[in-house]
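Residue-level structural notes
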Amino acid sequence: MSKPNIANKTAVQNSAFLRACRREPVDYTPVWLLRQAGRYQKAYRDIRAQIDFLTLCKTPALTAEITVMAVERLGVDAAILFADLLPILQPMGLHLEYLKGEGPVIHNPVRDNTAIDRLVEADPDSQGYVYEAIELARRGLAPSIPLIGFAGAPFTLASYAIEGGASRDYRHVKTLMYRDAEAWHVLMDKLARSVTAYLNRQIAAGVDAVQLFDSWVGCLGPDDYRVYVQPYMRHIFDHLTPGVPAIHFGTSAAALLPLMREAGGDVIGLDWRVDLSEVWSRIGYDRAVQGNLDPIVLFASPEEIGRRVQNILQKAEKRPGHIFNLGHGILPETSEDHVIALVDAVHRFSQK
Ligand code: CP3
């Protein structure tokens, strides 16, 4: 029984994706895509026609199937667990619902210290359906395909907990931060501890890498990031189970990249608003980078997609430690054929 397991571990550790995370040389540039499983796929829409999103997230047989299906259809070099950032807020005491056409809503947003004091740290046992999906997906994937687990970063989770949904100016988040720093720090501490325990349980269940999504952190300037966010990111990276690469992802965060790097992460995720070559030299070549195609390029012709891929590969200069990805998630209106063409172009143009 133990022999195939060892062989499988070797296969996954030698995968192009994990080699790139460790900045080791690879035969071709590995690629996976943010939201590679989702509404742009007919097979996903067919499943979603039968079941609401939150119930889907809590049905391991289906989330594992969706995770594996995306890899098989696209030919990407890593799987990302199909799950969502926000269900971890439920055991903390927040009432989460996904409304049709509106996205996630929190019905009892926290806007003052009393509400924040009432929130509890998330019991990692509450996310059992996620660990079960990890075990199922791991068994369904080819042994050489790494599985990426993930969680929302404390700032991005706090922004949902405080705003109650998506926001344009983060007025409530920043108002709390500027008016009651003490309450802010209590909230971020609870979130950071919850996320750390949750990610370590994902690692114990079998993920090969983890990504922290700080999708909305780009609304902050560097001084605020340093005081209100960085200590919590550092806490998480410092307390993750060693030996599993961590990807630190943000968007619109060009000015924050040196501070994000300082906070931690073996791989820094980049969106398309930065020049990959320029920021990698700024971040330092002792970190891997992931990115950074504009997801809207997928609406162009396959020829144009190919040219844009070549451009990004040139900026990475064949340095060890580049993982190809989009700068943000695939949009639901995207053609699946163009996504397949993208993956193929990355493999073809990066072949050593
Ligand atoms: O990338 C993957 O393939 C893994 C799955 C994944 C989902 N959400 C599935 C999903 C991941 C990694 C996420 C992360 C996530 N979720 C983020 C950070 C990523 C980012 O965009 O930077 C955020 C902010 C969320 C919260 C969330 N969940 C939002 C804002 C929405 C609504 C999005 C929309 O356009 O309607 C969701 C729902 C959601 N999460 C969907 C999917 C496939 C759509 C649900 C549906 O089928 O209706």
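Placed above this text is the structure.
Here goes a summary of the coordinates provided. Just so we're clear, the structure is a prediction, and the values are computed from it rather than from any experiment. (Residues numbered from 1 in each chain as written. Predicted model: local features only at pLDDT ≥ 70, side-chain atom pairs only at ≥ 80, totals over all residues. Heavy atoms only, no water.)

Our focus in this paragraph is the overall build of the protein. For the protein, the helix and strand inventory stands at 16 helices and nine strands. Its C-alpha radius of gyration of 19 Å places the protein within 12% of the 20 Å reference for a compact globule of 352 residues. In terms of overall dimensions, the protein has C-alpha extents of about 55 × 45 × 40 Å along its principal axes. Within the protein, the fraction of its 352 residues that count as buried is 55%. Within the structure as shown, the protein displays about 14,900 Å² of accessible surface, and the carbon and sulfur contribution to it stands at 50%. Positive and negative side-chain charges in the protein, numbering 37 and 41 respectively, have mean positions lying 3 Å apart. (Helix = DSSP H or I, 4+ residues; strand = E, 2+ residues; numbered from the N terminus. Rg over C-alpha atoms; globule rule 2.2 N^0.38 Å. Buried < 20%, exposed > 50% of the residue type's maximum accessible area, 1.4 Å probe, protein only. Areas by Shrake-Rupley, 256 points an atom, 1.4 Å probe, with all protein chains shown as cover. Lys, Arg positive; Asp, Glu negative; His and termini not counted. Charge placed at Lys NZ, Arg CZ, Asp CG, Glu CD.)

Since there are 3.6 residues in each turn of an α-helix, residues three or four apart along the chain are aligned in direction. Taking 1.5 Å per residue, 15 residues should reach 21 Å; helix 15 (residues 302-316) reaches 21 Å between its end C-alpha atoms and fits that length. Within helix 15, burial applies to Ile 305, Gly 306, Val 309, Ile 312, Leu 313 and Ala 316. Axial view of helix 15: buried residues confined to an arc of 125°, hence all on one face. Residues of helix 15 that are exposed and point over 90 degrees away from its buried face: Glu 303 and Gln 314. (Expected span 1.5 Å × (residues − 1). Arc of directions from axis to C-beta.)

Time to look at the pattern of salt bridges. All chains considered together, the criterion is met by 17 salt bridges. Across the pair Arg 19 and Glu 24 runs a salt bridge whose closest N-O atoms are separated by 3.5 Å. Residue class for Arg 19 comes out partly exposed when judged on its relative accessible area of 24%. Residue Arg 22 pairs with Glu 24 through a salt bridge whose shortest N-O separation is 2.8 Å. Judged by relative accessible area, which is 25%, Glu 24 ranks as partly exposed. By sharing partners, the salt bridges in this structure join Arg 19, Arg 22 and Glu 24 into a single network. (Salt bridge = Lys/Arg side-chain N within 4 Å of Asp/Glu carboxyl O.)

What follows concerns the sheet that holds strand 6 (residues 246-250). The strand order across the open sheet formed by seven strands is 1-4-5-6-7-8-9, and the pairing between neighbours is parallel. Two strands close off the open sheet at either side, each with one partner strand: strand 1 (79-80) and strand 9 (322-326). In this structure, strand 7 (residues 267-269) lies alongside strand 8 (residues 288-293), joined through three bridges in parallel fashion. Note on strand 8: the bridge partner recorded for Gly 269 is Gln 290. (Pairing = 2+ DSSP bridges.)

A few words on the site of the ligand. Surveying the vicinity of the ligand reveals 24 residues, the closest of which are Arg 35, Tyr 44, Asp 84, Ser 215 and His 328. In the environment of the ligand, an oxygen atom lies 2.7 Å from a nitrogen or oxygen atom belonging to the side chain of Arg 48. Protein chains bury 87% of the 890 Å² of accessible surface belonging to the ligand in isolation. Partitioning the shell around the ligand into residue classes produces 17 nonpolar, three polar and four charged. (Near = heavy atom within 4 Å. Polar contact = N/O pair within 3.5 Å; in protein donor to acceptor, adjacent residues only side chain to side chain. Nonpolar A, V, L, I, M, F, W, Y, C, P; charged D, E, K, R; others polar.)

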